[in-house]
Amino acid sequence: MRFLLLFSRQGKMRLQKWFMPLTEREKKKVMRDMMMLVLARPPRSSNFLQWRDLKIVYKRYASLYFCAALEEHDNELLALEVLHRYVELLDKYFGNVCELDIIFNFEKAYFILDEFLMGGEVLETSKIAVGVSMEEADTLQEVQYKLSKTFGHWSFSHYSRSCCVISRRWRST
Amino acid sequence: MSVDGPSYFLASLRRRMPAPIRLRELIRTIRTARTQAEEREMIQKECAAIRSSFREEDNTYRCRNVAKLLYMHMLGYPAHFGQLECLKLIASQKFTDKRIGYLGAMLLLDERQDVHLLMTNCIKNDLNHSTQYVQGLALCTLGCMGSSEMCRDLAGEVEKLLKTSNSYLRKKAALCAVHVIRKVPELMEMFLPATKNLLSEKNHGVLHTSVVLLTEMCERSPDMLAHFRKLVPQLVRILKNLIMSGYSPEHDVSGISDPFLQVRILRLLRILGKSDDDSSEAMNDILAQVATNTETSKNVGNAILYETVLTIMDIKSESGLRVLAINILGRFLLNNDKNIRYVALTSLLKTVQTDHNAVQRHRSTIVDCLKDLDVSIKRRAMELSFALVNGNNVRGMMKELLYFLDSCDPEFKADCASGVFLAAEKYAPSKRWHIDTVMRVLTTAGSYVRDDSVPNLIQLITNSVEMHAYTVQRLYKALLDDISQQPLVQVASWCIGEYGDLLLSGQCEEEEPIQVTEDEVLDVLEGLLASNLSTPVTRGYSLTAIMKLSTRFSSVNRIKKVVSVYGSSIDVELQQRAVEYNALFKKYDHMRPALLERMPIMEKTATNGPSEIVQTNGEAEPSAVEAKHPPPVAQPANQANDLLDLLGGNDVVPVIQTSMPTKPASAGGELLDLLGDLSLSGPAPAPSVPSSQPPFLLDGLSSQPLFNDIAPAGIPPMIAYNKNGLKIDFTFERANPNPNVAVITIHATNSTESEMTEFVFQAAVPKTFQLQLLSPSSNVVPALNQGSVTQVIRVLNPQKQQLRMRIKLTYTHKGSPVQDLSEVNNFPPQSWQ
């Protein structure tokens, strides 16, 4: 995969993940082109189109368009599954995800994406594993914050050890 | 802390300044903006606040500020001032900071700027961190946006992590390794030992990423490919387990266990089995199993089937399996789901070359897809239909394709028209059919036809001698209906000019001959000249056609009048033609019949693309007049340049100087003169191209604007030749918009006491290049470096190979002619990279 974009029907970008190096100008141009192409498609057309030398796969979920660009040898039908899996992961994490969740918690959407894909390839195929990693990482973040409030700055290793203890307790409940 | 002093002051300032607002609040506020201007104002205010906060080096709120900055960046506002702050966040000890910092780095930093290299040390430390989530962040960032320098520095750490037993880290390290290999292929060897037992993992995440890593290595190196072939049995086993295993809630997608892993394994098998009989043999069974047992009711099953089909077609599978694969594709074609139909058409396009007959069986379904409403499907169906046309089905297919051409969207018309022409050329069952097809395309999609098809069509018509009367009649009738489609008009006016006499005589055998008078024909042609719909090129065609008719029709006076009227036309091209034709009437009337005779049959040397037109007619035409009247006047202006010779690698024949682009009409004559000049290839000014060199075509360079598009590229100049007082410097520029074209300006200076006259510079380049020499500033190099002769060379280097050049210099010095050959090899790398 070369890039993954999420944008709304009104043309607002909600998430952009680039797996290839481009300048800001080039990125802006690509985003404009993608929005133009995808938003212009009639409702019952196929989910694939050709753009330059890339295959574009897009799918609409409620008010958001998920748009991925694939290389020549990538499997388009599987890419649809990848997009679907990402939506499922978001749904599991946020509980009935909607566009507002992604707007207000865009950094979490990115973190989830980073646990699922890396460098354009699928990183983890298990639905549960991604959720677990997110949980543990969030816990780490929270516990650190709470501990810093009470005890001031500790070294990181202290945090991580206590976080692991706490997270284990959470998972067993 | 003392009560007075700077630190207290700053601290009190901090207390007085409000804390930066939270991310959520900012998002909420921005969303309340009703207009773009309002939003911009809010953002600017917040950016200012963030900037001042950054200036204060406040650790507490840095994370919050960067997060807000990232949000604003996503809306499209500039956020580059946050780049360094991201680096500070990455270096922080807090996990929250690192998370946002790495995210910011991935969004804001760009591997083209040096700033990103500052991350390298932080990433290195974090790769060795005690918390796996921090290590994960570092691996992720490196694996998504690491530049080649970073990858080189950190590859060792990644390799270490690839061998860890922690599956969370191992899978991330594997994909990070993939990225490293993509950026720095030489490092691939380093990861080889770590791949030894990757496939024996149970964890699906690690398995999947390992397969991706192996795929990447096999694709890049044939040695690795050979090395990993032994994994085929293991891969087959894993795939089998996936299919046979029971329900696993973690990996299940609509009843299929881990389709992502299955597809990746199939792809790796494809690469391993290609052109290897043993491996292909080993995977035959499993492929057949997957192909027959996969559930096809949902998209996920079809995704696996699709990959299986691609694998079967690529490896050396047995024929039964191949038939199975094509049948699956055939079933896909009939599927209701548009995506599946699209994918089927794409795969059939890939296999049509190798399994032509099998795909032919599905021809009718494919042709039906031409009528599909979906644009993507129509395009694929069109491409596939053209690939399927052969001698047997050409009539039927052409009917469908012409119908498609009539009704399709404009975006398809150009490609479809070209495709029809190509197919008609290859498989036309009869000349009449061919001309009818061509006519049909011109009349229905005339304005979308590519420019280069006009000369091809003209040549086709010329060569079908028996069809001349029929052709000109049909073209004339088409002109009466519609003069807006330029290619049609151009071909028609050329034909009328050539065969107007046949039109008058009503000799047509194929269909009912029409009755037409000379005046009517001339009316039509004059109408074209005057019409606003005609482009300058078309007008040129019409004027020449009228001129040719002066030898075929009897109303010479009318023609003379028309020609003299256009002698004062504003269009320079038309004016020149009219003036020359006028001169033909006045001073060279005795030559007119010979000059305007019927065009000879042209030989084609290539069937695709612009063809080499060689004049086989050796009719005696005085060379003096030739300089003004090129026989192939109807062809587009740059055709004359097409006859220029480009040289084979070590051949010494130099390139002929091109004519100046403002006088294309005389280029034909100049060419013949130059051939006479070449002492190397023999003195005869034969109009045919010397047979020892393969004819090359100087394509397109002459039509590019010459001097307005050059942007200096900072390439150092060089001395190309320095002997006997003559020094030639090359200076370089790169021409925009085409980065493959290097523009070299030569400066020739003479340090001797006497000047060098009749100075001619010629150059030759290897086959993979194309060269164009423009006219020199003069051909006298003044003595004692008092001036220089400059000349511009344009070199097209599409393959970015190293530039080499052989130059030949001829001049007269102190009364005696001097000739020298030299090779130029010291081109700076920037000139050809």
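Only a predicted model underlies this, so the values are computations on that prediction, with no experimental measurement involved.

Cut-offs used in this document
- Residues numbered from 1 in each chain as written.
- Chains lettered and ligands numbered in written order.
- Predicted model: local features only at pLDDT ≥ 70, side-chain atom pairs only at ≥ 80, totals over all residues.
- Heavy atoms only, no water.
- Helix = DSSP H or I, 4+ residues; strand = E, 2+ residues; numbered from the N terminus.
- Buried < 20%, exposed > 50% of the residue type's maximum accessible area, 1.4 Å probe, protein only.
- Contact = heavy atoms within 4.5 Å.
- Areas by Shrake-Rupley, 256 points an atom, 1.4 Å probe, with all protein chains shown as cover.
- Pairing = 2+ DSSP bridges.
- Axes fitted to C-alpha atoms, helices over the stretch in contact; angles between N-to-C directions.
- Salt bridge = Lys/Arg side-chain N within 4 Å of Asp/Glu carboxyl O.
- Parallel < 35°, antiparallel > 145°, perpendicular 65-115°, else oblique.
- Left-handed = near helix turned anticlockwise from the far one by under 90°.
- pLDDT = per-residue confidence, 0-100.
- Polar contact = N/O pair within 3.5 Å; in protein donor to acceptor, adjacent residues only side chain to side chain.
- Nonpolar A, V, L, I, M, F, W, Y, C, P; charged D, E, K, R; others polar.
- Expected span 1.5 Å × (residues − 1).
- Core = buried A, V, L, I, M, F, W, Y, C linked by side-chain atoms within 4.5 Å.
- Phe/Tyr/Trp six-rings, centres within 6.5 Å; stacked < 30°, edge-to-face > 60°.
- Patch = residues over 30% accessible without salt bridge, like charges linked within 9 Å, V, L, I, M, F, W, Y side chains within 5 Å.
- Lys, Arg positive; Asp, Glu negative; His and termini not counted.
- Charge placed at Lys NZ, Arg CZ, Asp CG, Glu CD.

Draft legend 1. A look at the overall build of chain A. When helices and strands are tallied, chain A shows six helices and seven strands. Walking chain A from its N terminus toward its C terminus, one meets helices and strands in the order β-β-α-β-β-β-α-α-α-β-β-α-α. Relative to its 173 residues, chain A shows a buried fraction of 59%. Here the analysis covers contacts within chain A between residues at least 6 apart in sequence; of these, 45% occur between residues at least 24 apart. Counting only carbon and sulfur atoms, one obtains 56% of the accessible surface of chain A, whose full area is about 7800 Å².

Draft legend 2. Quick peek at the overall build of chain B. Check the secondary structure of chain B and you find 35 helices and 11 strands. For chain B, restricting intrachain contacts to residue pairs at least 6 apart in sequence, the fraction spanning at least 24 positions comes to 69%. Accessible surface for chain B amounts to roughly 36500 Å². Of this, 52% is attributable to carbon and sulfur atoms.

Draft legend 3. Inspection of the sheet that holds strand S5 (residues 64-70) of chain A at higher detail. Residue and element names in this part refer to chain A. If you walk across this open sheet you meet the five strands as S2-S1-S5-S4-S3, and the pairing is antiparallel. The open sheet has two edge strands, strand S2 (13-18) and strand S3 (48-51), and neither has a second partner. Adjacent strand axes in the sheet meet at a mean angle of 20°, parallel and antiparallel pairs treated alike. With seven bridges joining them, strand S4 (residues 54-61) and S5 adopt antiparallel strand pairing.

Draft legend 4. Spotlight on unusual backbone geometry. Residue and element names in this part refer to chain B. A positive phi angle, near 50°, is found at Ser254, a position not held by glycine. Relative to the elements of secondary structure, Ser254 occurs in the loop between strand S1 (252-253) and strand S2 (256-257). On the accessibility criterion, Ser254 (41% relative accessible area) is partly exposed. The phi dihedral of Asp258 is positive, around 45°, even though this residue is not glycine. Mapped onto the secondary structure, Asp258 falls in the loop between S2 and helix H14 (259-273).

Draft legend 5. Inspection of the pattern of salt bridges at higher detail. In this structure the tally under the stated criterion is 50 salt bridges over all chains. Close ionic contact of Glu142 of chain A with Lys146 of chain A constitutes a salt bridge, the shortest N to O distance being 3.0 Å. Linking Glu142 of chain A with Lys146 of chain A, this pair stays in helix H5 (residues 127-151), spanning four residues, or about one helical turn. Residue class for Glu142 of chain A comes out partly exposed when judged on its relative accessible area of 43%. The class for Lys146 of chain A is exposed, based on a relative accessible area of 52%. Its salt-bridge partner being Asp372 of chain B, residue Arg341 of chain B comes within 2.5 Å of it at the nearest N-O pair. Here Arg341 of chain B, found in helix H18 (residues 338-351), pairs with Asp372 of chain B, found in the loop between helix H20 (363-369) and helix H21 (375-388); they are 31 residues apart in sequence, far enough to count as distant. Across the pair, exposure class does not vary: Arg341 of chain B and Asp372 of chain B are buried alike. Counted as one network, the salt bridges with shared partners bring together Glu121 of chain A together with Arg182, Glu216, Arg220 and Arg264 of chain B.

Draft legend 6. Representation of the packing of helix H16 (residues 299-314) of chain B against helix H17 (residues 319-333) of chain B. Residue and element names in this part refer to chain B. Close contact between H16 and H17 brings their axes to 9 Å; oriented N to C, the two are set at 140°. Between H16 and H17, the angle falls in the class oblique. For the crossing formed where H16 meets H17, the hand is left-handed. Contacts between H16 and H17 involve Asn302, Leu305, Tyr306, Val309, Ile312 and Met313 from the first element and Leu321, Arg322, Ala325, Ile326, Ile328, Leu329 and Phe332 from the second.

Draft legend 7. Geometry of the confidence of the model for chain B. Residue and element names in this part refer to chain B. On average, residues of chain B score 79 in pLDDT, and 84% of them are at 70 or above. In this model, residues 606-713 is a region of pLDDT below 50 whose contacts with residues beyond four sequence positions or in other chains number 186 contacts. Two numbers describe this predicted complex: its pTM, 0.68, and its ipTM, 0.88.

Draft legend 8. Expanded view of the interface of chain A and chain B. In this complex, chain A contributes 66 residues to the contact, which on the side of chain B involves 74 residues. Here Lys172 of chain B makes a salt bridge to Glu115 of chain A, at a shortest N to O gap of 3.3 Å. Counting across the interface, chain A meets chain B through 28 residue pairs in polar contact (both at pLDDT 80 or more). Examining the composition of the side of chain A that touches chain B, we find that 11 residues originate from one element, H5 of chain A, more than from any other. Residues of the side of chain A that touches chain B, tallied by class, amount to 26 nonpolar, 18 polar and 22 charged.

Draft legend 9. Fine view of helix H1 (residues 24-39) of chain A. Relative to the 22 Å expected for 16 residues at 1.5 Å per residue, H1 of chain A spans 22 Å between its end C-alpha atoms, a close match to the ideal helical length. Taken together, the buried positions of H1 of chain A are Lys27, Val30, Met31, Asp33, Met34, Met35 and Val38 of chain A. Those residues of H1 of chain A hidden inside the fold are in contact with strand S1 (3-8), S2, S3, S4 and S5 of chain A together with helix H6 (95-108) of chain B.

Draft legend 10. Quick peek at the environment of Cys98 of chain A. Residue and element names in this part refer to chain A. For Cys98, the position within the fold is in the loop between helix H2 (76-94) and helix H3 (99-104). Given the relative accessible area of 39%, Cys98 is considered partly exposed. For the pair Cys98 and Ser63, spaced 35 residues apart in sequence, the C-alpha to C-alpha distance is 8.4 Å.

Draft legend 11. Molecular detail of the nonpolar core. By size, the foremost hydrophobic cluster in this structure holds 254 residues, and its most contacted members are Tyr86 and Leu117 of chain A together with Met119, Phe191, Leu235, Ile265 and Val521 of chain B. Setting aside chain neighbours within four positions, we find Met119 of chain B in contact with Leu87, Ile90, Ala105, Leu109, Thr141, Met145 and Met150 of chain B. Core analysis: the next-biggest nonpolar cluster, separate from the first, contains 30 residues, Tyr721, Leu771, Val781 and Val789 of chain B among them.

Draft legend 12. Quick peek at the packing of aromatic side chains. Inspection of the entire model under this criterion finds 14 aromatic pairs over all chains. Between the aromatic rings of Phe66 of chain A and Tyr86 of chain A, the centroid separation amounts to 6.3 Å while the plane-to-plane angle is 70°, which identifies the pairing as edge-to-face. Residue Phe66 of chain A is located in strand S5, and its partner Tyr86 of chain A is located in helix H2; the two are separated by 20 residues in the primary sequence. Judged by relative accessible area, which is 2%, Tyr86 of chain A ranks as buried. Ring centres of Phe106 of chain A and Tyr71 of chain B lie 5.8 Å apart, and the angle between their planes is 40°; this geometry places the pair in the tilted category.

Draft legend 13. Geometry of a negative patch on the surface. Residue and element names in this part refer to chain B. Together, Asp277, Asp278, Glu281, Asp285 and Glu318 make up a negatively charged patch on the protein surface. Structurally, Asp285 can be placed in helix H15 (residues 277-293). Under the relative-accessibility criterion, Asp285 is labelled exposed at 63%.

Draft legend 14. Quick look at the side chain of Ser46 of chain A. On the secondary structure map, Ser46 of chain A appears in the loop between H1 and S3. Judged by relative accessible area, Ser46 of chain A falls into the buried class, the value being 1%. Sequence-distant contacts of Ser46 of chain A, that is, excluding residues within four places in its chain, are made with Arg41 and Tyr58 of chain A together with Lys338, Asn339, Asp374 and Ser376 of chain B.

Draft legend 15. Region of the structure containing helix H24 (residues 431-445) of chain B. With 15 residues, H24 of chain B should cover 21 Å at 1.5 Å per step; its first-to-last C-alpha distance of 21 Å lies within 8% of that length. Each element contacted by the buried residues of H24 of chain B is listed here: helix H22 (394-407), helix H23 (410-427), helix H25 (453-463), helix H26 (468-481) and helix H27 (486-505) of chain B.

Draft legend 16. Representation of the packing of H25 of chain B against H27 of chain B within the structure. Residue and element names in this part refer to chain B. In the contact formed by H25 and H27, the axes pass within 10 Å of each other and the chain directions differ by 35°. With respect to the hand of their crossing, H25 and H27 are arranged in right-handed fashion. Counting all contacts with H25, which are made through Val454, Leu457, Ile458, Ile461 and Thr462, the residues of H27 involved are Pro487, Gln490, Val491, Trp494, Cys495 and Tyr499. Here the contact of H25 with H27 is composed, by residue class, of nine nonpolar, two polar and no charged.

Draft legend 17. Inspection of the confidence of the model for chain A at higher detail. Residue and element names in this part refer to chain A. Taken residue by residue, chain A gives an average pLDDT of 86. The fraction at 70 or more is 87%. Per-residue pLDDT, averaged within each element of chain A, yields its smallest value for helix H6 (residues 156-172) (50) and its largest for S5 (95). Between residues 169-173, whose pLDDT stays under 50, and residues either more than four places distant or in other chains, the model counts four contacts.

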